[in-house]
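One-letter residues, chain by chain:
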Amino acid sequence: QVQLVESGGGLVQAGGSLRLSCSASGSFFNINVMGWYRQAPGKQRELVADFSSGSFVHYLDSVRGRFTISRDNAKNTVYLQMDSMKPEDTAVYYCRAVVTMAIGVQNIYWGQGTQVTVSS
C-alpha cells in the first residue's frame, strides 16, 4: 500500500504564490508517474502538471509559465510551485502517483486533496 500526503494549500490573493508538496510512503518498487490534478466546483478533474517515465513533464496550458513542478526522488516527493496565481486556479488539488508495486503490477494512488483558494 502507498500513502500520499499533501500539504501547502490555503488562501492567497491574486498574483500571489503557494507551494504544494506531496510525499509518497509505503512499500513499492518504483514511482512511474507523479504529479498534480485539480478539481474546481462543478468541473471535471484535470491534470495540472506531472512527471512521467523518462522525466517528461506535462503542464496544463493555462498554468504553463506560472506553475513549476519539481521533485526530490530521494524523498519520493513532488512539489508544485504556483506563482502569479489567478482566481480561476481555485480548486481542490490532488496528488496522483502511478506506482509499480512488483514486476507487471501498477497501481494508481491519490492524495486526500488540499484546498487552494485565490481571491480577486
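Residues numbered from 1 in each chain as written. Predicted model: local features only at pLDDT ≥ 70, side-chain atom pairs only at ≥ 80, totals over all residues. Heavy atoms only, no water.

1. A few points about the overall build of the chain
In step 1: Helix and strand counts for the chain stand at zero helices and eleven strands.
In step 2: Taking 14 Å as the expected radius of gyration for a compact globule of 120 residues, we find that the chain reaches 14 Å, a close match to that expectation.
In step 3: Taking the principal axes of its C-alpha atoms as reference, the chain extends roughly 50 × 25 × 25 Å.
In step 4: Counting over 120 residues, the chain shows a buried share of 42%.
In step 5: For the chain, the proportion of contacts with a sequence separation of at least 24, taken over those separated by at least 6, is 54%.
In step 6: For the chain, the exposed surface amounts to about 6,300 Å²; the carbon and sulfur share of it is 50%. (Helix = DSSP H or I, 4+ residues; strand = E, 2+ residues; numbered from the N terminus. Rg over C-alpha atoms; globule rule 2.2 N^0.38 Å. Buried < 20%, exposed > 50% of the residue type's maximum accessible area, 1.4 Å probe, protein only. Contact = heavy atoms within 4.5 Å. Areas by Shrake-Rupley, 256 points an atom, 1.4 Å probe, with all protein chains shown as cover.)

2. Side note on the pairing of strand E8 (residues 77-82)
In step 1: Of all six residues making up E8, five are buried, and the element is well covered by its neighbours.
In step 2: For strand E3 (residues 18-26) and E8, the ladder comprises six bridges, and the chain directions are antiparallel. Looking at the pairing, Ser21 lines up with Tyr79 of E8.
In step 3: Here strand E7 (residues 67-72) pairs with E8 via six bridges, running antiparallel. Opposite Thr68, over in E8, you have Gln81 as the bridge partner. (Pairing = 2+ DSSP bridges.)

3. Regarding the pattern of salt bridges
In step 1: Throughout the structure, instances matching the rule amount to four salt bridges.
In step 2: Asp61 is the partner of Arg64 in a salt bridge, and the nearest nitrogen-oxygen pair spans 2.7 Å.
In step 3: Relative accessible area serves as the criterion here: at 62%, Asp61 is assigned to the exposed category.
In step 4: Through salt bridges with shared partners, a single network forms among Arg38, Glu46, Arg66 and Asp89. (Salt bridge = Lys/Arg side-chain N within 4 Å of Asp/Glu carboxyl O.)

4. Some thoughts on the nonpolar core
In step 1: Counting 30 residues, the largest nonpolar core has Leu4, Met34, Trp36, Leu80, Met82 and Tyr93 as its most contacted members.
In step 2: At the level of elements, strand E1 (2-7), E3, strand E4 (30-39), strand E5 (46-52), E7, E8, strand E9 (91-102) and strand E11 (114-119) are the ones that each hand at least two residues to this core.
In step 3: Per element, the largest residue contribution to this core is five residues, and it comes from E9.
In step 4: Setting aside chain neighbours within four positions, we find Met82 in contact with Gly16, Ser17, Leu18, Leu20, Arg66, Phe67, Tyr93 and Val116. (Core = buried A, V, L, I, M, F, W, Y, C linked by side-chain atoms within 4.5 Å.)

5. Some thoughts on the environment of Thr117
In step 1: Following the sequence through the fold, Thr117 ends up in strand E11.
In step 2: Overall, Thr117 belongs to the partly exposed group, its relative accessible area being 28%.
In step 3: Expressed as a C-alpha distance, the spacing of Thr117 and Ser84, which sit 33 residues apart in the sequence, is 13 Å.
In step 4: With near-sequence residues (within four places) excluded, Thr117 lies in contact with Gly10, Leu11, Val12 and Thr90.
In step 5: In terms of polar contacts, Thr117 uses its side chain to reach the side chain of Gln115, at 3.3 Å. (Polar contact = N/O pair within 3.5 Å; in protein donor to acceptor, adjacent residues only side chain to side chain.)

6. Section: the environment of Ser55
In step 1: Along the chain, Ser55 falls in the loop between E5 and strand E6 (56-59).
In step 2: Residues Ser55 and Thr100, 45 residues apart in the sequence, show an inter-C-alpha distance of 16 Å.

In short, geometric facts, not functional conclusions.
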